[in-house]
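For reference, the chains in residue letters:
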Amino acid sequence: MAKYYFGADEVGKGWDRYFALCNAFEVEWAEDDKPSLKTLNTWRVKSPKGFAFVTHTQPLVAQTLVTLGDRGATTFDADFDEVWAATAARAKALGAKAVLLSTPFDFSPSTTSRKLIADFGSKATKACKLPIIWENVGMWSPDSSAEIASSCGMTLLHDPFANFDDEVVVLGQNDAAILLNERAGARRNFDTYEIEALFDATSHFNRVFILLRGRFKWRHAREIKAMIDMLD
């Protein structure tokens, strides 16, 4: 059975209740560089054994990719160590289980951008020694994005329910990263049947990161926890 990490991007009603429900937390990066490294280290110390922090990269990382992409660069020719340093420090303070890179709409899927993100991914996975989860926004195809991610050791974050297919298809190699938000239509949340289908589609991976967002994140968290408790 795969190892499942699931969690949201906010705590809600306190850490104790959060730790009792989820086993992962998505740490965003504020414009003022908060939370501080001291705070993050405190979170790590107080978290249960095996808890997974998934930290975002410093905004500078995505900004540099956009700048290089606009320039038509196919390799990450910026000073990688300098651009990556703050992200590495945050991951260390948290004892992070994964790092999330989110590229904006401005980073479009051109031929040069595809080569650029692959080159960056190779450098990042080599430097980080942690799973690098890539979330792209815009006109990127899930299949081609997953192929690029796999070629350089990254893992694509995607929504397996986005295409409204009857079959749940999860993209990934050794690991998988799932974005679970809301569904279109009258019924916005996912039910037990759909969560079970998601687990069936991901059981062959080593690790599965499920990031919960949107209005129904806590309902989805309870469904996922119930599924994991049943499987255990």
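This one's a predicted model, so the numbers in the text were calculated from it and none came from an experiment.

Basis of the calculations
Residues numbered from 1 in each chain as written. Predicted model: local features only at pLDDT ≥ 70, side-chain atom pairs only at ≥ 80, totals over all residues. Heavy atoms only, no water. Helix = DSSP H or I, 4+ residues; strand = E, 2+ residues; numbered from the N terminus. Buried < 20%, exposed > 50% of the residue type's maximum accessible area, 1.4 Å probe, protein only. Contact = heavy atoms within 4.5 Å. Lys, Arg positive; Asp, Glu negative; His and termini not counted. Charge placed at Lys NZ, Arg CZ, Asp CG, Glu CD. Pairing = 2+ DSSP bridges. Right-handed = clockwise from strand over helix to strand, strands pointing away. Core = buried A, V, L, I, M, F, W, Y, C linked by side-chain atoms within 4.5 Å. Salt bridge = Lys/Arg side-chain N within 4 Å of Asp/Glu carboxyl O. Patch = residues over 30% accessible without salt bridge, like charges linked within 9 Å, V, L, I, M, F, W, Y side chains within 5 Å. Areas by Shrake-Rupley, 256 points an atom, 1.4 Å probe, with all protein chains shown as cover. Phe/Tyr/Trp six-rings, centres within 6.5 Å; stacked < 30°, edge-to-face > 60°. Lys NZ or Arg CZ within 6 Å of the ring centre and 35° of its normal. Axes fitted to C-alpha atoms, helices over the stretch in contact; angles between N-to-C directions.

Peer 1: What is the right way to read the overall build of the protein chain from this model?
Peer 2: Looking only at helices and strands, one finds eight helices and eight strands in the protein chain. Dimensions of the protein chain, computed from C-alpha atoms along their principal axes, come out at roughly 50 × 45 × 30 Å. Across the 232 residues that make up the protein chain, the buried fraction comes to 48%. In the protein chain, the share of contacts with a sequence separation of at least 24, taken over all contacts with a separation of at least 6, comes to 71%. Placing the 27 positive and 31 negative side-chain charges of the protein chain at their respective mean positions leaves the two points 7 Å apart.

Peer 1: Whenever I open this one, the pairing of strand S5 (residues 132-136) confuses me. Can you help?
Peer 2: For S5, a buried count of five out of five residues is recorded, marking the element as mostly surrounded by other parts of the structure. In S5, alternate side chains face the same way, and those of Ile132, Trp134 and Asn136 on one face and Ile133 and Glu135 on the other are all buried. Relative to S5, strand S4 (residues 98-103) runs parallel, the two being bridged by five bridges. When the sheet's bridge partners are listed, threonine 103 is paired in S5 with asparagine 136. With helix H5 (residues 111-128) bridging S4 and its parallel neighbour S5, the resulting β-α-β unit is right-handed. Each parallel crossover has a hand, and the one from S5 via helix H6 (residues 142-151) to strand S6 (residues 155-158) is right-handed.

Peer 1: Help me out: how do you make sense of the nonpolar core in this one?
Peer 2: In a soluble, globular protein the nonpolar side chains are often hidden away together inside. The biggest cluster of nonpolar side chains holds 63 residues, and the ones touching the most others in it are Trp84, Ile117, Phe120, Trp134, Ile210 and Ile224. Setting aside chain neighbours within four positions, we find tryptophan 84 in contact with Thr57, Val61, Val99, Phe120, Ala124, Cys128 and Ile132. Ala24, Val54, Leu157 and Phe209 belong to the second largest nonpolar core, which has 12 residues in total.

Peer 1: How should the pattern of salt bridges be read in this particular structure?
Peer 2: By the definition in use, this model includes eight salt bridges. Here arginine 207 makes a salt bridge to aspartate 175, at a shortest N to O gap of 2.8 Å. One end of the pair, arginine 207, is in strand S8 (residues 207-212); the other, aspartate 175, is in strand S7 (residues 175-180), and 32 residues separate them in sequence. Residue arginine 215 is joined to glutamate 182 by a salt bridge in which the shortest nitrogen-to-oxygen separation is 2.9 Å. Separated by 33 residues along the polypeptide, arginine 215 in the loop between S8 and helix H8 (217-231) and glutamate 182 in the loop between S7 and helix H7 (192-202) bring together distant segments of the chain. Judged by relative accessible area, glutamate 182 falls into the partly exposed class, the value being 23%.

Peer 1: When you look at a nonpolar patch on the surface in this model, what are you seeing that I'm missing?
Peer 2: Taken together, the side chains of Met1, Met230 and Leu231 define a hydrophobic patch exposed on the protein surface, amounting to about 350 Å² of accessible area. Locating leucine 231 in the fold gives a position in helix H8.

Peer 1: Whenever I open this one, a positive patch on the surface confuses me. Can you help?
Peer 2: A surface patch of positive charge is lined by Lys13, Arg17, Arg219 and Arg222. Inspection of the secondary structure assignment puts arginine 219 in helix H8.

Peer 1: Which parts of the structure should I look at to understand the packing of aromatic side chains?
Peer 2: The geometry of an aromatic ring pair comes down to the distance between the two centres and the angle between the two planes. On inspection of all chains with the given rule, the structure shows 21 aromatic pairs. Ring geometry for tryptophan 15 against tyrosine 18: centres 5.9 Å apart, planes inclined by 80 degrees, an arrangement best described as edge-to-face. A residue pair is termed a helical-turn pair when its members lie 3 or 4 positions apart in one helix, as tryptophan 15 and tyrosine 18 do in helix H1 (residues 15-21) at three residues. By relative accessible area, tryptophan 15 is classed as partly exposed at 24%. Owing to a relative accessible area of 1%, tyrosine 18 belongs among the buried residues under this scheme. Among the aromatic residues, those joined into a cluster by ring pairs are Trp15, Tyr18, Phe19, Phe25, Trp43, Phe51, Phe53 and Trp218. Between the NZ or CZ atom of arginine 90 and the centre of the ring of tryptophan 29, over which it lies, the distance is 3.8 Å.

Peer 1: Just checking my understanding: could you explain the sheet that holds S4 for this structure?
Peer 2: For sheets, the rule is that strands pair by backbone hydrogen bonds, running either parallel or antiparallel. Taken in spatial order, the eight strands line up as S1-S8-S7-S6-S5-S4-S3-S2 in an open sheet, and their pairing is parallel. Each edge of the open sheet is held by one strand with a lone partner, namely strand S1 (3-7) and strand S2 (24-27). With strand direction ignored, the average angle separating the axes of adjacent strands in the sheet is 20 degrees.

Peer 1: So what exactly am I meant to see when it comes to H6 here?
Peer 2: Spacing of three or four residues puts side chains on the same side of an α-helix, whose turn is 3.6 residues. Looking only at H6, the buried set comprises Ser144, Ser145, Ala146, Ile148 and Ala149. Buried residues belonging to H6 abut H5, S5 and S6. Following H6 by one or two positions, glycine 153 has its phi on the positive side, about 90 degrees.

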